[in-house]
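Topology and contacts: notes
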Amino acid sequence: MRVQTFVAGCALALALFLFAQRQGAMTLPSGFHAVIDLTHEVGSRTPGFDASEVFRAKTINTIEKDKYFGRSFSLPEHFGTHIDAPAHFAKGLWTVDQIPTERLVAPLVVLDVRNQISGNPNYLISVEDIARWEKVNGHIPQGSVVLARTGWSSRWGSGKDYRNLDAKGVLHFPGYALDTAKFLVEARNVIGIGIDTLSVDTGSSEDFPVHQYSLSHSVYHLENVANLEHVPPAGAVVVVAPMKLEGGSGGPVRILALVR
Ligand SMILES: [Zn+2]
């Protein structure tokens, strides 16, 4: 018995050793070499589109009292890093739970427009910006998600700077020009467009033309996107994982970039 116990012990030790070795040398099973999180944390300091929009969390269970920890929370659907479902502006089109899963994994295009924005917070991302990207990287692949990197996410830590209100209470941050959204949807068949600001429409917009147009074409939006500086302009794959909120006009989303 003692010998058997010793042998079993040795076998277990060997298995643990080999398993630990495998763990150490592990590469991502997907074949991608990094997974970048394009999502901001949702919390009490998250800047809302309107200052009145806030995240609330309440502790309802504690380890001390209940032996487990749990909270309830509430937040607007369009808050923090989130998705706009087509139903947000187009009655009868997909709510967030209805967006087909095939549309939630796609080639990722990162459009770096920081140079054009310097000094112009009302910059409208233009078709020329797309042409500039395509000159280097080739045509935008069909069925891509395009995310604009304006550099605005560096202001995330300050709601005041991120919203950038003027004396009249008008927001100022960059967004897409309507023609650019039309080009992406009609000439490049993208399935989603996004940006590292509060909205795909520029802050001072009153009628949200990009929202009106692309959502009515069943193209979703990703807003308040983070960490685009860690993703190459072309070649990554994006995984868009929204909360499956029944009947939602949009909602919190986890966005992951799989980098080759
Ligand atoms: Zn939204």
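Here goes a summary of the coordinates provided. Given the structure is predicted, the values throughout are model-derived calculations rather than measurements.

1. Observations regarding the overall build of the protein chain
Within the protein chain, the secondary structure is distributed over seven helices and 12 strands. Within the protein chain, buried positions represent 43% of all 260 residues. A fraction of 72% describes how many contacts in the protein chain between residues 6 or more apart in sequence connect residues 24 or more apart. Of the roughly 14200 Å² of accessible surface on the protein chain, a fraction of 56% belongs to carbon and sulfur atoms.

2. Comments concerning the coordination of the zinc ion
Around the zinc ion, the donor atoms from the protein are His78 (ND1), His82 (NE2), Asp84 (OD) and Glu223 (OE), and they sit 1.9 to 2.5 Å away. Between the four donor atoms coordinating the zinc ion, the angles at the centre fall across 73 to 167°, so the site counts as irregular. Written as a sequence motif, the donor residues of the zinc ion are H-x3-H-x1-D-x138-E. Accessibility classification places His78 together with His82 in one group, the buried group.

3. A few points about the pairing of strand E7 (residues 145-149)
Among the five residues that make up E7, five are buried, leaving the element largely enclosed by the rest of the structure. Neither face of E7 is open: one carries Val145, Leu147 and Arg149, the other Val146 and Ala148, and all of them are buried. In this structure, strand E5 (residues 105-112) lies alongside E7, joined through five bridges in parallel fashion. Bridging from a neighbouring strand, Leu108 pairs with Val145 of E7. Here E7 pairs with strand E9 (residues 192-195) via four bridges, running parallel. For Val146, the partnering residue across the bridge sits in E9 and is Ile193.

4. Describing the pairing of strand E12 (residues 250-259)
Of all the 10 residues making up E12, eight are buried; the element is thus mostly covered by neighbouring parts of the structure. In this sheet, E12 lies alongside strand E1 (residues 34-37) in antiparallel orientation, the contact comprising four bridges. Counterpart to Val35 in the pairing with E12 is Leu258.

5. Some remarks on the packing of aromatic side chains
Here the structure, examined in full by the defined rule, presents three aromatic pairs. Their ring planes at 85° and their centres at 5.0 Å tell us that Trp156 and Tyr162 sit as a pair that is edge-to-face. Residues Trp156 and Tyr162 agree in their burial class; the two are buried. In this structure, Arg155 packs its charged tip against the face of Trp152, placed 3.8 Å from the ring centre.

6. Details of the nonpolar core
The tendency in soluble globular proteins is for nonpolar side chains to be buried side by side. Core analysis: the largest hydrophobic core is formed by 26 residues, its most contacted members being Leu38, Leu108, Tyr220 and Leu222. At four residues, the largest contribution of residues to this core is made by E12. Membership of the second largest hydrophobic core comes to 22 residues, among which are Val109, Ile117, Ile130 and Ile140.

7. Examining the pattern of salt bridges
Taken as a whole and judged by the stated rule, the model has six salt bridges. Close ionic contact of Lys65 with Asp66 constitutes a salt bridge, the shortest N to O distance being 3.9 Å. On the basis of relative accessibility, which here comes to 66%, the residue Lys65 falls in the exposed class. With its nearest N and O atoms 2.7 Å apart, the salt bridge here joins Asp112 to Arg114. Where salt bridges share partners, they join Asp112, Arg114 and Arg149 into one cluster.

Calculation notes
- Residues numbered from 1 in each chain as written.
- Predicted model: local features only at pLDDT ≥ 70, side-chain atom pairs only at ≥ 80, totals over all residues.
- Heavy atoms only, no water.
- Helix = DSSP H or I, 4+ residues; strand = E, 2+ residues; numbered from the N terminus.
- Buried < 20%, exposed > 50% of the residue type's maximum accessible area, 1.4 Å probe, protein only.
- Contact = heavy atoms within 4.5 Å.
- Areas by Shrake-Rupley, 256 points an atom, 1.4 Å probe, with all protein chains shown as cover.
- Donors = N, O, S within 2.8 Å, 3.2 Å for Na, K, Ca; no water.
- Tetrahedral: all angles 85-135°; square planar, octahedral: opposite > 155°, others 65-115°.
- Pairing = 2+ DSSP bridges.
- Phe/Tyr/Trp six-rings, centres within 6.5 Å; stacked < 30°, edge-to-face > 60°.
- Lys NZ or Arg CZ within 6 Å of the ring centre and 35° of its normal.
- Core = buried A, V, L, I, M, F, W, Y, C linked by side-chain atoms within 4.5 Å.
- Salt bridge = Lys/Arg side-chain N within 4 Å of Asp/Glu carboxyl O.

Remember, this is a structural readout, not a statement about activity or role.
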